[in-house]
Protein chains: 2
Amino acid sequence: MAYSVAPLSRLIDQFARLPGIGRKTAQRLALFVLNLPEGEAEGFARCILDARQQIHRCAVCCNLTDEEQCTVCGSAERDHSTICVVSDPRDVLAIERTREFTGVYHVLHGVISPMDGIGPEQLTLKQLLARIDDTVSEVIMATGATVEGDATAMYISRLLKPMGIKCTRLAYGIPVGGDLEYADEVTLGRALDGRSEM
Amino acid sequence: MAYSVAPLSRLIDQFARLPGIGRKTAQRLALFVLNLPEGEAEGFARCILDARQQIHRCAVCCNLTDEEQCTVCGSAERDHSTICVVSDPRDVLAIERTREFTGVYHVLHGVISPMDGIGPEQLTLKQLLARIDDTVSEVIMATGATVEGDATAMYISRLLKPMGIKCTRLAYGIPVGGDLEYADEVTLGRALDGRSEM
């Protein structure tokens, strides 16, 4: 007869369903939470509930926010004529970390992927098209450099170009610090295509 | 101005404090929880609260349980004359998985480690000594094969031997499937010492 405690097993199951967390790690995390000082495990539970209740999509860019509009869309310091289209809220965080981009975002919440049953209608394209007016000068496609990311970027650019909007795509190439030797041939080919004068 | 959402940041912070979870993984986990179907994030939060409220130490062996006694201590099918001393509830799960051990456990909740300020009085030694009576025939030291684990096993055996209790220690040796070539010299030395006749 194996030893088991129902509330502990349930907590382990909950951790084990998180992405990238296996059975053993889930066990370690569950026991860690059990051993937290008084009140802190409750704080963890409360954070989950708060996040779920308070966070929703920004009315403009569909990024996650706890207000009507996200801090980027609501800022007068940002350049609202340049929209950067990304697939995921994490991509916004990644681009913000560069401190290079001063425009605004649009979060698709996915990429077109027929294999997973995700078509254009599952993305936030309607909201994107609703934002496009004379004040928008450029839409930057910043979806991932995957087949699905490329297809999504292509699909959107075909929607926007007839409207007279300039569509651009992030550059492909060797990652900074990367060795030529270790770059795959597709990346290297794209880097050659995209070479610039020095 | 960086994009940030307070409830999301707090949730990411909570995940990031878990052992082995870095900042990026915490971000991924927090967004995964946010995207869970209605009610399931609440279920996760509830599991944390339930586990904290319902789980406590078994009155006999100090293992985690949601009842007065754990299922092992409460079972008539287990051999209550053999006590296996481990440092952590996870070790009980590991030994149960072997399906070889039919005795009962005692969970120390740590090992003696002066560097971390953990002395014998922080462990559940008082509860272990209280369990020792004429019915106990053997105490197996199953603490880890580390300096602290060894020291703890040695400490406990010195307490129990004068009481006429047989104390044993898990075997040291080459792990099954392990190659001699890759075994460190200390393990190999212990494997030689512990060799058995064929």
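Residues numbered from 1 in each chain as written. Chains lettered and ligands numbered in written order. Predicted model: local features only at pLDDT ≥ 70, side-chain atom pairs only at ≥ 80, totals over all residues. Heavy atoms only, no water.

A look at the sheet that holds strand 3 (residues 79-86) of chain A
Residue and element names in this part refer to chain A. Sheet architecture is open: four strands sit in the order 4-3-5-6, paired in parallel fashion. With partners counted over all chains shown, the strands left at the sheet margins are strand 4 (103-107) and strand 6 (166-169), one partner each. Strand-to-strand twist in this sheet, taken as the mean axis angle between neighbours without regard to direction, amounts to 25 degrees. In the sheet, strand 5 (residues 138-141) pairs with strand 6 via four bridges, with the strands oriented parallel. Bridge pairing links E138 to K166 in strand 6. Here helix 4 (residues 89-98) sits on the sheet and contacts strand 3 and strand 4; the angle it forms with strand 4, its principal contact strand, is near 160 degrees. (Pairing = 2+ DSSP bridges. Helix = DSSP H or I, 4+ residues; strand = E, 2+ residues; numbered from the N terminus. Axes fitted to C-alpha atoms, helices over the stretch in contact; angles between N-to-C directions. Contact = heavy atoms within 4.5 Å.)

A short note on helix 3 (residues 40-54) of chain A
When the terminal C-alpha atoms of helix 3 of chain A are compared, their 20 Å separation across 15 residues agrees well with the 21 Å that a helix rising 1.5 Å per residue should span. Listed as buried for helix 3 of chain A are A:A41, A:F44, A:A45, A:C47, A:I48, A:L49, A:D50, A:A51 and A:R52. Each element contacted by the buried residues of helix 3 of chain A is listed here: helix 1 (6-16) and helix 2 (23-34) of chain A together with helix 1 (6-16), helix 2 (23-34) and helix 3 (40-54) of chain B. (Expected span 1.5 Å × (residues − 1). Buried < 20%, exposed > 50% of the residue type's maximum accessible area, 1.4 Å probe, protein only.)

Quick word on the interface of chain B and chain A
By a widely used convention, the size of an interface equals the accessible area lost when the partners come together. Of the residues lining the interface, 59 residues belong to chain B; the matching set on chain A comes to 60 residues. The tally of links between chain B and chain A comes to two salt bridges. Notably, a salt bridge pairs A:R17 with B:E40, separated by 2.4 Å at the nearest N-O pair. Run the count over chain B and chain A and you get six residue pairs in polar contact (both at pLDDT 80 or more). Listed by contribution, the elements that provide at least two residues to the side of chain B that touches chain A are helix 1, helix 2, helix 3, strand 2 (64-65) and helix 4 (89-98) of chain B. (Salt bridge = Lys/Arg side-chain N within 4 Å of Asp/Glu carboxyl O. Polar contact = N/O pair within 3.5 Å; in protein donor to acceptor, adjacent residues only side chain to side chain.)

Section: helix 6 (residues 147-160) of chain B
All names here are of chain B. Here helix 6 is 14 residues long and its end C-alpha atoms lie 20 Å apart, about the 20 Å a rise of 1.5 Å per residue gives. Looking only at helix 6, the buried set comprises G149, T152, A153, I156, S157 and L160. The buried residues of helix 6 occupy one face: seen down the axis, they fall within an arc of 130 degrees. For helix 6, the exposed residues lying more than 90 degrees away from the buried face are V147 and R158. Looking at the buried positions of helix 6, the neighbouring elements they touch are strand 3 (79-86), helix 5 (125-131), strand 5 (138-141) and strand 6 (166-169). (Arc of directions from axis to C-beta.)

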